[in-house]
Amino acid sequence: NAGVMQNPRHLVRRRGQEARLRCSPMKGHSHVYWYRQLPEEGLKFMVYLQKENIIDESGMPKERFSAEFPKEGPSILRIQQVVRGDSAAYFCASSPNYEKLFFGSGTQLSVL
Amino acid sequence: ELKVEQNPLFLSMQEEKNYTIYCNYSTTSDRLYWYRQDPGKSLESLFVLLSNGAVKQEGRLMASLDTKARLSTLHITAAVHDLSATYFCAVVLGGSQGNLIFGKGTKLSVKP
């Protein structure tokens, strides 16, 4: 059983471009979470999704950020018009029952 | 607002010594997690603690939970170099599913 797969591993964007981060949960997991980590900090919750539904987006900035988890395919975290402050590591986690989260290797986003 | 505080934030240990990392949180919670993160890597789940008085052990690591004191400890016995990493505790936000509030992490360095 492959772990949580995230891609790309590293993503470089210029200010104003769009960033798309992908996450394929572990097989059998229907809960997906996105977290953001700044250097020397713990992870900050962004959004929790189940298939085709956003359950909790209380940690997601209201503008420029969106997330989806379609019926088929990976979950996508989309950041429009990126700014330098968006530079961070973005981690996806999945869970079969929200009690134990399994994290992917993360996407390091760098905004130039 | 739920806050999670870890101490110490940095810990330099000698091999074969024992030490404890502390995790305090500010409001009641159902679950407490300990994770390990190696530089540039994802988070590895170590322990999930669900009830008052819970104690779990894996190798040289032992975690305990006191929900009345809102305190968890991660005890390291006879440290070895392989334990060098950053250790995070995280507490689930009450009423949420998977919204984990993370501490800032304890960066552990074990030296020979």
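Remember, it's a predicted structure, so these values are computed and weren't measured experimentally.

## Description of the overall build of chain A
Consideration 1: Along chain A, the regular secondary structure elements total 0 helices and 11 strands.
Consideration 2: Overall, chain A shows an N-to-C arrangement of helices and strands of β-β-β-β-β-β-β-β-β-β-β.
Consideration 3: Against the globule reference of 13 Å for 112 residues, chain A gives a C-alpha radius of gyration of 13 Å, in line with a compact fold.
Consideration 4: Once the C-alpha set of chain A is aligned to its principal axes, its extents read approximately 35 × 25 × 25 Å.

## Observations concerning the sheet that holds strand 7 (residues 65-68) of chain A
Residue and element names in this part refer to chain A.
Consideration 1: The antiparallel open sheet is built from 4 strands, whose spatial order is 1-3-8-7. Here the strands that pair on one side only, and so sit at the sheet edges, are strand 1 (5-7) and strand 7. On average, each strand axis in the sheet is tilted by 15° relative to the strand beside it, whichever way the strands run.
Consideration 2: Sheet analysis places strand 7 next to strand 8 (residues 75-79), joined by 4 bridges and oriented antiparallel. Bridge pairing in strand 8 places glutamate 68 opposite isoleucine 76.

## Here we look at the interface of chain A and chain B
Consideration 1: Listed by partner, the interface residues are 21 residues for chain A and 19 residues for chain B.
Consideration 2: Counting the surface lost from both chain A and chain B, the interface buries some 1700 Å², and carbon and sulfur atoms represent 50% of this.
Consideration 3: Run the count over chain A and chain B and you get 1 salt bridge.
Consideration 4: Among the salt bridges present, the one from glutamate 41 of chain A reaches lysine 104 of chain B, with a minimum N-O distance of 3.2 Å.
Consideration 5: Remark: the boundary between chain A and chain B carries 7 residue pairs in polar contact (both at pLDDT 80 or more).
Consideration 6: Of all the secondary-structure elements, those providing two or more residues to the side of chain A that touches chain B are strand 4 (31-37) and strand 5 (43-50) of chain A.
Consideration 7: In terms of residues, the side of chain A that touches chain B owes the most to one element, strand 5 of chain A, which gives 4 residues.
Consideration 8: Partitioned by chemical class, the residues of the side of chain A that touches chain B number 9 nonpolar, 6 polar and 6 charged.

What counts and what doesn't
Residues numbered from 1 in each chain as written. Chains lettered and ligands numbered in written order. Predicted model: local features only at pLDDT ≥ 70, side-chain atom pairs only at ≥ 80, totals over all residues. Heavy atoms only, no water. Helix = DSSP H or I, 4+ residues; strand = E, 2+ residues; numbered from the N terminus. Rg over C-alpha atoms; globule rule 2.2 N^0.38 Å. Pairing = 2+ DSSP bridges. Axes fitted to C-alpha atoms, helices over the stretch in contact; angles between N-to-C directions. Contact = heavy atoms within 4.5 Å. Buried area = accessible area lost by both parts, 1.4 Å probe. Salt bridge = Lys/Arg side-chain N within 4 Å of Asp/Glu carboxyl O. Polar contact = N/O pair within 3.5 Å; in protein donor to acceptor, adjacent residues only side chain to side chain. Nonpolar A, V, L, I, M, F, W, Y, C, P; charged D, E, K, R; others polar.

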